[in-house]
Amino acid sequence: MARVLTLFAHPRQDRSEINWPMFEAAQTVEGVTCVDLYARYPSFEINIAREQSSLLDHDVIIFQHPLYWYSAPAIIKEWMDLVLEYDFAYGAEGTALSGKVMFNAVSCGTARSAYTVKGGHIAELRTLLMPFERTADLCNMRYLAPYATFSAGSLRAENRVKETVSQWHSFLTALTQDRIDLDAAANALTLTDHPDSFFIGENA
């Protein structure tokens, strides 16, 4: 069973329509460890040793967050700057994360069509998240396409929150049970364009 670490970051949880329900659902999946970074570090005083130890204990690292200005909320950047140290995560002796899997689980306010080279954002979501992918590459990790929830602001009005959360729960469950095709997931643009294509076994 793969051990999954979800690092959740949302500075305005009172306004979260989908991220918080998804995070709550993740806490019910066996094999998934869930960390609310803003709750753990309200003053941004990251415990580097604690976080590095947690990374060593897990096989898959997920950054779950809303897309803020084509990136992530500030605490994720702070976490990465401090925790992914030279000779731990990268460098001549930095092999601690080698072979582990990383990806972003992101909510986006606009529709899928806006995240194309001809769309409103003039780029694919995966392209916008390239700093995470390059970080994973530098740390010899395997980066998967982002798990994207598009049109997040309309999910409640369209009564699609429950369905969206259920799909996330199913994906995480399959991930812990090694039933996700990592090769296909690594080569995709998102993990939600054709979600069934990534399952191996009973969900396939």
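Conventions adopted
Residues numbered from 1 in each chain as written. Predicted model: local features only at pLDDT ≥ 70, side-chain atom pairs only at ≥ 80, totals over all residues. Heavy atoms only, no water. Buried < 20%, exposed > 50% of the residue type's maximum accessible area, 1.4 Å probe, protein only. Helix = DSSP H or I, 4+ residues; strand = E, 2+ residues; numbered from the N terminus. Arc of directions from axis to C-beta. Salt bridge = Lys/Arg side-chain N within 4 Å of Asp/Glu carboxyl O. Expected span 1.5 Å × (residues − 1). Contact = heavy atoms within 4.5 Å.

Undergrad: What's the story with helix 6 (residues 130-138) in this structure? I'm lost.
TA: Think of an α-helix as 3.6 residues a turn; residues three or four steps apart then line up on the same face. The set of residues buried in helix 6 consists of F132, E133 and A136. Seen from one end, helix 6 has its buried residues packed into an arc of 100 degrees, which puts them on one side. In helix 6, the exposed positions angled more than 90 degrees off the buried face are occupied by P131 and L138. Two residues or fewer past helix 6, N140 is found with a positive phi of approximately 60 degrees.

Undergrad: Looking at this structure, I do not really get the pattern of salt bridges. What am I missing?
TA: Opposite charge on two side chains lets them pair, provided their charged atoms get close. In this structure the tally under the stated criterion is 10 salt bridges. The salt bridge involving D81 is made with K77; its shortest N-O contact spans 2.9 Å. Within this pair, D81 and its partner K77 are both found in helix 4 (residues 74-83), separated by four residues, close to a single helical turn. For D81, a relative accessible area of 45% corresponds to the partly exposed category. With a closest N to O distance of 2.0 Å, D183 and R142 form a salt bridge. With D183 in helix 8 (residues 182-187) and R142 in strand 5 (residues 142-143), the pair connects residues that are 41 residues apart, well separated along the chain. The exposure class assigned to D183 is partly exposed, which follows from its relative accessible area of 49%. Overall, the relative accessible area of 32% leaves R142 in the partly exposed class. Through salt bridges with shared partners, a single ionic network connects R112, E124 and D193.

Undergrad: What's the story with helix 7 (residues 161-176) in this structure? I'm lost.
TA: Given a rise of 1.5 Å per residue, 16 residues ought to cover 22 Å, and the 23 Å separating the end C-alpha atoms of helix 7 matches this to within 8%. Those residues of helix 7 that sit buried are T164, V165, W168, F171, L172, T173, A174, L175 and T176. The inward-facing, buried residues of helix 7 abut strand 1 (4-8), helix 1 (19-26), strand 2 (32-36), strand 3 (60-66), strand 4 (101-107) and strand 6 (147-149). Just downstream of helix 7 lies D178, where phi reads positive at about 60 degrees.

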